[in-house]
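Observations on the model geometry
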Amino acid sequence: MSAFTPVSGLLGGSLIGLSAATLLLFSGDILGASGIVSSFVLTPRKTLTESSQQWKLSFMAAFLLSVKAYVTYIDGDALVDASLGADPKISIVSPLGYIVSGFLVGFGTRMGNGCTSGHGICGLARLSKRSLVAVCSFMASGILSATACSPSCPLSPYLRSTPDDVALPTAATAFVGSVLTSIFCGMAIPRFMQEAPKPAYGSDADKIKNDAAINDTRKLGPAFASGSIFALGLIISGMVKSGKIYGFLNFKGFADRSWDGTLMLVMGGGLVVSMASYQFVKGFGLVDISRALTCPLALKKSTGKFSVPTNTIIDANLVFGSAIFGFGWGIGGLCPGPAIANATVGYPHVLFRWWPAFFVGSFLGQKLKDLIAKKK
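The rules behind these values
- Residues numbered from 1 in each chain as written.
- Predicted model: local features only at pLDDT ≥ 70, side-chain atom pairs only at ≥ 80, totals over all residues.
- Heavy atoms only, no water.
- Salt bridge = Lys/Arg side-chain N within 4 Å of Asp/Glu carboxyl O.
- Helix = DSSP H or I, 4+ residues; strand = E, 2+ residues; numbered from the N terminus.
- Buried < 20%, exposed > 50% of the residue type's maximum accessible area, 1.4 Å probe, protein only.
- Axes fitted to C-alpha atoms, helices over the stretch in contact; angles between N-to-C directions.
- Left-handed = near helix turned anticlockwise from the far one by under 90°.
- Contact = heavy atoms within 4.5 Å.
- Core = buried A, V, L, I, M, F, W, Y, C linked by side-chain atoms within 4.5 Å.
- Expected span 1.5 Å × (residues − 1).
- Disulfide = S-S within 2.5 Å.
- Parallel < 35°, antiparallel > 145°, perpendicular 65-115°, else oblique.
- Patch = residues over 30% accessible without salt bridge, like charges linked within 9 Å, V, L, I, M, F, W, Y side chains within 5 Å.
- Areas by Shrake-Rupley, 256 points an atom, 1.4 Å probe, with all protein chains shown as cover.
- Polar contact = N/O pair within 3.5 Å; in protein donor to acceptor, adjacent residues only side chain to side chain.
- Phe/Tyr/Trp six-rings, centres within 6.5 Å; stacked < 30°, edge-to-face > 60°.

Applying the stated criterion across every chain yields a total of two salt bridges. Of the charged contacts, one joins D29 and K219 as a salt bridge, the two residues approaching to 3.2 Å between their closest N and O atoms. Of this pair, D29 sits in the loop between α1 (6–27) and α2 (33–42) while K219 sits in the loop between α10 (204–218) and α11 (220–237), placing them 190 residues apart in sequence. Accessibility expressed as a relative area gives 11% for K219, which makes it buried.

Time to look at the packing of helix α4 (residues 54–74) against α11. Relative to each other, α4 and α11 sit at 40 degrees, their axes nearing to 7 Å. Judged by the twist between their axes, the crossing of α4 over α11 is right-handed. Residue-level inspection shows Q54, W55, S58, F59, A62, F63, S66, V67 and Y70 of α4 in contact with α11, the latter providing L220, A223, F224, S226, G227, S228, F230, A231, L232, L234, I235 and I236.

Before going further, it helps to examine unusual backbone geometry. At L127, a position not held by glycine, the phi torsion is positive, near 60 degrees. Following the sequence through the fold, L127 ends up in the loop between α6 (116–123) and α7 (129–148). Backbone geometry places R257, a non-glycine residue, at a positive phi of 60 degrees. Structurally, the position occupied by R257 is in the loop between α13 (253–256) and α14 (262–278).

Within the largest apolar cluster, 73 residues are counted, with the highest numbers of intra-cluster contacts made by F63, L79, W329, V350, W354 and W355. Element by element, the count of residues in this core is highest for α4, at 10 residues. Beyond its immediate chain neighbours, meaning those up to four positions away, F63 contacts G227, S228, F230, A231, L234, G337, I340 and A341. Judged by nonpolar contacts, the second largest core, of seven residues, contains L104, F107, C149 and L159.

A few words on helix α9 (residues 171–193). Helix length check: α9 (23 residues) gives 32 Å between terminal C-alpha atoms against 33 Å at 1.5 Å per residue, within 8%. All of the buried residues in α9 are T173, G177, T181, F184, C185, A188 and R191. Summarising the contacts, the buried residues of α9 are in contact with α2, α3 (44–49), α4, α11, α16 (336–345) and α17 (348–375).

By the definition in use, this model includes zero disulfides. With no disulfide of its own, C115 lies closest to C335 among cysteine sulfurs, the gap being 5.7 Å.

A separate point is the packing of helix α5 (residues 95–112) against helix α15 (residues 316–332). Running from N to C, α5 and α15 point in directions that differ by 155 degrees, and their axes come no closer than 7 Å. One way to sum up the angle between α5 and α15 is to call them roughly antiparallel. Crossing handedness for the pair α5 and α15: left-handed. Seen from α5, the contacting residues are G97, V100, S101, L104, V105, F107, G108, T109, M111 and G112; seen from α15, they are N317, L318, F320, G321, S322, I324, F325, F327, G328, W329, I331 and G332.

Taken together, the side chains of L65, I189, F192, M193 and F224 present a nonpolar region at the surface, about 500 Å² in accessible area. If you tally residues by element for the nonpolar patch, the top one is α9, at three residues. Residue position: F192 is located in helix α9.

What follows covers α7. Helix length check: α7, at 20 residues, gives a terminal C-alpha distance of 29 Å against a target of 28 Å (1.5 Å per residue), a fit within 8%. At the N-terminal boundary of α7, the capping side chain belongs to S128, with an oxygen 3.3 Å from the backbone nitrogen of R130.

Moving on to the packing of aromatic side chains. Applying the stated criterion across every chain, the model contains 18 aromatic pairs. Residues F63 and F230 carry aromatic rings whose centres are separated by 5.6 Å and whose planes lie at 50 degrees to one another, so their mutual orientation is tilted. Of this pair, F63 sits in helix α4 while F230 sits in helix α11, placing them 167 residues apart in sequence. This pair shows no difference in class: F63 is buried, exactly as F230 is. Members of the aromatic cluster, joined through ring pairs, are F248, F251, F254 and W259.

With respect to the secondary-structure elements, N215 resides in helix α10. A distance of 2.7 Å separates the side chain of N215 from the side chain of T303, its partner in a polar contact. Not counting residues up to four positions away in its chain, the partners in contact with N215 are L299, K300, T303 and G304.

Turning next to the environment of Y73. Checked against the element boundaries, Y73 lands in helix α4. C-alpha separation for the pair Y73 and F184, spaced 111 residues apart in sequence, amounts to 20 Å.

Below is the structure:
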């Protein structure tokens, strides 16, 4: 277990939990990386034009900018996975593997309504039974697929490659990542620059509408802070490196002493901090607190509310979707948050294979989900 990094794992995980807590307590929103990023493709007009959705732009801009700043000014090798190619026990994902992984992660997160951040960090923190089932499902399938992709196993010839095929960022792909960062920042800046709505003095309906617009503006700051903290947490914890994920999910590592338990501390640190934040939200604490929040801290009480999922139904969509996500996670070692970071610095297979496949999978998963809903 030479790859085991408990201190950075716990610190990074705590930052991921702080990111979720910031978004929850100040804006009332949930940190679900798959839902945030897929909304720009599945519902682009709504995400880019409706004021209630503008916080997602702020979150994404902050995330991308923070990753760029970290690798530019702090550690240029922060996202370089030294274990790939150097450690024969760590498998290298093939070009086909990236495509299959991205598709399954996109399809599964749409069907199962979440990934490691939405279900793992936020759902478990509020003791959601749905999220517990989802986490158990994607952990089991992730372990199965990662182990099946290990050397000498049946899927390895198709979904794994040789050290010669490790594709590192080039000047061209790094430029693409910079362009994506610039686009999101360019779209987010005008939202921060626009004048905040002034208090309304008309009818009650006008006041409520105006307060809602004010709250939409007030969400931008917490979303920006959350996106930055989330990026830092993923980088410091090492979860941006597929070798760390594979090192945990591949249970063959127990036999050759290469198993890496860092992910447990990342999840544990994130859960503790995220769970602590729910203790201050009315109706979600383990004990009743007299001053528990009924409205997020940054919002006006007239229209401010917590957008916490309350669905308790455990159905086939949840179990099946989460399992599909887990298979993709185990094959590629990437879930949406780390994949955004890798694309930002220009990893070509992530940019041109994983993400296009993810969006196709998300689209088809949403279509299937809608079709199932219509038949009920």
